[in-house]
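# Summary of structural features
Residue-level listing of the chains:
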Amino acid sequence: MGILVDHISKRFGDFVAVDDVGFTVEAGELVALLGPSGSGKSTILRIIAGLETPDRGEIFLTGRDVTSLSIQKRKVGFVFQHYALFKHMSVEKNIAFGLEIQKQNKDYVRDKVNELINLVKLKGYEKQYPDQLSGGQRQRVALARALATEPKVLLLDEPFGALDAKVRDNLAQWLREFHHKLNITSIFVTHDQNEAIEISDKIVVINRGRVEQFGDARSVYEHPDSKFVASFIGQVNVVDAVARDRELYIKDTAFRIENRTGEPLRDGDVVLLVRPEDVELTAESGKDAVPVEINRIHYRGSHYEIDCAVGGIELHVSENKNNFQRQQWRQHQRVFAGFKNYRVFEAEEGHHRIHEKLKELGYIE
Amino acid sequence: MQRHDEIPSAGAVKVVRKPNGLGKNLITAAVIGWFLVMILVPVIGIVKQAFGSGWKPFISSLLTSATGHSFILTLAITAAAVVLNTFFGVILALTLVNQRFPGKLLFEGLVDLPFAVSPVVAGFMFIILFGPKGWMGQWFEAGGVKIVYAVPGMLIATLFVTLPFVAREIIPVLREFGLEQQEAAYILGASRWRTFWRVTLPSIRWGLAYGVTLTIARAIGEFGAVLVVSGSIINKTQTATLHIHQEFTDFNYVGAFSAAIILALLSFVILTAMQRLNRRKGV
């Protein structure tokens, strides 16, 4: 077993940062801790590393209870968001630091540092200081430094957060390959759902200090357990509706669709969450299709984004290029929208508040 | 014609700038003049007084036992104050930056108290505290240790007035340095002790050196607090500044100004060091 986080909780004063969080990471897996800022994901990572002590719960690393073990003795690798390189040391001194603390013999240290320099592609930069490197290079030094002592567990705290988009994508891809090669049990913290989906084997979605969902990227994306997960993982349309007799009526309209989610629903207000790629536009009316009007069409290179309106509700539709060209959609055209796949949640909160919340979190415009 | 004036040729630009340049030069001259009057003239005055009767009285006044003793005492107190205040200053700064405890803000404000309190007032404070009738002085007196009107009291007074320098200089450096590098070292297996020596100290070294230099400058130049607690006993509790004061009030101007020149030279060396360090600190 790799990492077991067993029901940990942590408060800072009155603020509950981590609330009864538990999950397991199998040996060799790469798991993302995904959540908005302030959700407690970094605190969880810091507790695993020993930088914070949990008020309750236990941490097991490779089958051993390390909860009361000091930071120094946990022997994890840790990569900080802002690199935390030793500024007064050269690249090679930074990488050698952990080995020198362990009092390894000089030849071993030199060989190991060389090996890592090659691995992170920094040949020729050995004598440079962190100030002389770019962000991406610094992050690679930080990674090499963390790996030098051959830890069984690698923890990365928003490893690409401080980098610009292009560097981030490259480095993220590289980390993925790199992880395949080394097969080291890893957890990385991110607030970027694309990053999580792209890189990780599994995703732990964290919200307000709690685990919202834990599963592989695909299941989290396609079968979100909660409104929060659905909206947080990728773009989503929020459609207000009323459930009555196994049917769903789109709010303030007479349009009706059958509840195909297989979930029994109590009559009352509900919310449909539909991903843009799960909305299908057709010219002809069909079963469960809702009439909409096309407001705007955006060209996005690989696909088109189409904004439609049904009643007072905006619907974002994503359609691939071929489909779009076949259909020849035009602005102000009246068409029909079918929902290929959607999730229904009972609306304990009003439409307005959910919208507000999602806007606030930056998931919808 | 008018149009021509609006688009000045290269020559015209120079004409326009000239009065501006003159104004600038005037200000520069005034500034330099002011500082000459304020700094250079007094220095020349001191030198003139010291060498007023030639080299011989200058040298011989420096070779008296009272002068020698006063300088040695100043250097000894300074050395002790630097060692003690560097040690405690670093601990103080590390505590204030890295630890969370109730009343931290108030405590941080208190660190600056020696800056705010007049040295003379501080001196009297120690007399009240450590004098033969003071509530801590009684203790020491009973044990046969004299604090006030003796070297220990002078050291305490100097420690007090120079207390904030080291801590104040390294607190901002430590804040900017942050916890992350220290945490990174812990995770790599380094103990707190090794982390301090290998990671923290090298990162704050220039700030620390600057704080130490300020401490030295202040300890050498300290007058008020030390005057009050020392009693200024010749060959016993007279530091260099007290000695100069004594000579001056005794109308021995050559003696006073000769010692003052040596003290001024010391200050000049420290000032140069300070400027160098201040430049490196920013790097």
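Computed from a predicted structure; not experimentally measured. (Residues numbered from 1 in each chain as written. Chains lettered and ligands numbered in written order. Predicted model: local features only at pLDDT ≥ 70, side-chain atom pairs only at ≥ 80, totals over all residues.)

### What to know about the overall build of chain B
Helices and strands together make up the secondary structure of chain B, namely 14 helices and 0 strands. The N-to-C order of helical and strand elements in chain B reads α-α-α-α-α-α-α-α-α-α-α-α-α-α. Rg of the C-alpha trace for chain B: 26 Å, well past the compact-globule value of 19 Å for 283 residues, more than 25% over. Its C-alpha atoms put chain B at 100 × 70 × 30 Å along the principal axes. The buried share of chain B, reckoned over its 283 residues, is 33%. For chain B, the proportion of contacts with a sequence separation of at least 24, taken over those separated by at least 6, is 75%. (Helix = DSSP H or I, 4+ residues; strand = E, 2+ residues; numbered from the N terminus. Rg over C-alpha atoms; globule rule 2.2 N^0.38 Å. Buried ≥ 20, exposed ≤ 12 C-beta atoms within 10 Å, placed from the backbone. Contact = placed C-beta atoms within 7 Å.)

### Points about the overall build of chain A
A count of helical and extended segments in chain A gives 11 helices and 20 strands. Dimensions along the principal axes, computed over C-alpha positions, put chain A at roughly 75 × 45 × 30 Å. Buried positions account for 40% of the 365 residues belonging to chain A. Partitioning the intrachain contacts of chain A with sequence separation of at least 6 by distance along the chain shows that 67% fall at a separation of at least 24.

### Here we look at the interface of chain B and chain A
On the side of chain A, 17 residues touch chain B, which itself brings 14 residues to the contact. Broken down by secondary-structure element, the contributors of at least two residues to the side of chain B that touches chain A are α10 (180-187) and α11 (192-221) of chain B. Ranked by residue count, the leading element in the side of chain B that touches chain A is α10(B), at 6 residues. Residues of the side of chain B that touches chain A, tallied by class, amount to 7 nonpolar, 4 polar and 3 charged. (Nonpolar A, V, L, I, M, F, W, Y, C, P; charged D, E, K, R; others polar.)

### Overview of the sheet that holds strand β15 (residues 279-282) of chain A
All names here are of chain A. Read from one edge of the open sheet, 5 strands run β15-β19-β16-β17-β18, paired in antiparallel fashion. Looking at the sheet topology across the chains shown, the edges are occupied by β15 and β18 (313-320). Averaged over neighbouring strand pairs, the angle between their axes works out to 45 degrees when direction is ignored. Looking at chain direction, β15 and strand β19 (residues 334-339) are connected through 4 bridges and run antiparallel. Paired with L281 across the bridge in β19 is A337. (Pairing = 2+ DSSP bridges. Axes fitted to C-alpha atoms, helices over the stretch in contact; angles between N-to-C directions.)

### Thoughts on the nonpolar core
Ranked by size, the top nonpolar core spans 103 residues in total, and within it I48(A), L155(A) and L272(A) carry the most contacts. In terms of residue count, the dominant contributor to this core is helix α5 (residues 135-147) of chain A (6 residues). Setting aside anything within four residues of it in sequence, one finds I48(A) in contact with I3(A), V5(A), I59(A), L155(A) and I187(A). With 42 residues, the next largest nonpolar core counts F160(B), V166(B), L174(B) and I204(B) among its residues. (Core = buried A, V, L, I, M, F, W, Y, C linked by C-beta atoms within 7 Å.)

### With respect to the domain arrangement of chain B
Residues and elements named next belong to chain B. Looking at the assigned domains, one finds that chain B contains domain 1 (2-50) and domain 2 (56-282). Here the C-alpha centroids of domain 1 and domain 2 sit 41 Å apart. Taken together, the 5 residues of domain 1 in the interface contact 8 residues of domain 2. The class makeup of the residues in the side of domain 1 that touches domain 2 is 4 nonpolar, 1 polar and no charged. (Domains from an automatic or database assignment.)

### Remarks on the pairing of strand β17 (residues 303-310) of chain A
Residue and element names in this part refer to chain A. Where strand β16 (residues 290-299) meets β17, 6 bridges bridge the pair, whose relative direction is antiparallel. Each bridged residue has a counterpart across the sheet, and for H298 the counterpart in β17 is E305. Hairpin remark: β16 followed by β17, antiparallel, with 3 residues in the connecting loop; positive phi at G301, about 85 degrees. Pairing between β17 and β18: 8 bridges, direction antiparallel. In the sheet register, C308 faces β18, and the bridge partner there is L315. As consecutive antiparallel partners, β17 and β18 are separated by 2 residues, and within that stretch G311 has a phi angle of approximately 60 degrees, a positive value.

### Points about the sheet that holds strand β20 (residues 343-346) of chain A
Residue and element names in this part refer to chain A. The 5 strands lie next to each other as β13-β12-β11-β14-β20, forming an open sheet whose pairing is antiparallel. The open sheet terminates on both sides in strands that have one partner only, identified here as β13 (256-258) and β20. Each adjacent strand pair in this sheet contributes to an overall mean axis angle of 40 degrees, direction not counted. Examined bridge by bridge, strand β11 (residues 237-244) and strand β14 (residues 268-274) share 7 bridges and lie antiparallel to one another. Among the inter-strand pairings, V239 is bridged to a residue of β14, identified as L272.

### Overview of unusual backbone geometry
Residues and elements named next belong to chain A. Although it is not a glycine, K75 adopts a positive phi angle of roughly 55 degrees. For K75, the position within the fold is in the loop between α2 (71-74) and β6 (77-79). Positive phi, close to 50 degrees, is recorded for E150, a residue that is not glycine. Assignment of secondary structure puts E150 in the loop between α5 and β7 (153-157).

### What about the packing of helix α9 (residues 151-177) of chain B against α11(B)?
All names here are of chain B. Across the interface, α9 lies against α11 with an axial gap of 9 Å and an inter-helix angle of 160 degrees. Considering the angle they form, α9 stands roughly antiparallel to α11. In this structure, the crossing between α9 and α11 has a hand that is right-handed. Residues T158, V161, T162, F165, V166, R168, E169, I170, V173, L174 and F177 of α9 lie in contact with α11, whose contacting residues are S203, I204, G207, L208, Y210, G211, V212, L214, T215, R218 and A219. Within the contact of α9 with α11, the residues separate by chemical class into 13 nonpolar, 6 polar and 3 charged. (Parallel < 35°, antiparallel > 145°, perpendicular 65-115°, else oblique. Left-handed = near helix turned anticlockwise from the far one by under 90°.)

### Remarks on the environment of T261(A)
Residue and element names in this part refer to chain A. Along the chain, T261 falls in the loop between β13 and β14. Sequence-wise, T261 and N341 are 80 residues apart; in three dimensions their C-alpha atoms are separated by 8.3 Å. Those residues within four positions of T261 in sequence are excluded, and the remaining contacts are Y342, R343 and V344.

### Regarding the confidence of the model for chain B
All names here are of chain B. Residues at a pLDDT of 70 or more form 92% of chain B, whose mean pLDDT is 85. Looking across chain B, the model is least confident in helix α1 (residues 2-6), with a mean pLDDT of 44, and most confident in α10, with 94. pLDDT under 50 marks residues 1-16. Its contacts with residues more than four places away, or in other chains, come to 2 contacts. Reported confidences for the modelled complex are a pTM of 0.73 and an ipTM of 0.75. (pLDDT = per-residue confidence, 0-100.)

### Brief notes about the environment of I46(B)
Residue and element names in this part refer to chain B. Relative to the assigned elements, I46 resides in helix α2 (residues 10-50). Through-space distance from the C-alpha of I46 to that of A259 is 10.0 Å; in sequence the pair is 213 residues apart. Excluding anything up to four places from it in sequence, I46 contacts F257, A260, I261 and A264.

### Structural notes on helix α4 (residues 106-119) of chain A
Residues and elements named next belong to chain A. The end-to-end C-alpha distance of α4 is 20 Å, a good match for the 20 Å that 14 residues give at a rise of 1.5 Å each. Tucked into the core, α4 has its buried residues touching α3 (91-101) and α5. Of the residues trailing α4, K121 is marked for its positive phi of about 55 degrees. (Expected span 1.5 Å × (residues − 1).)

### Some points on the environment of G134(B)
Take G134(B): it is sitting in the loop between α7 (119-130) and α8 (137-142). When sequence neighbours within four positions are dropped, the list of residues in contact with G134(B) reads I128(B) and L129(B).

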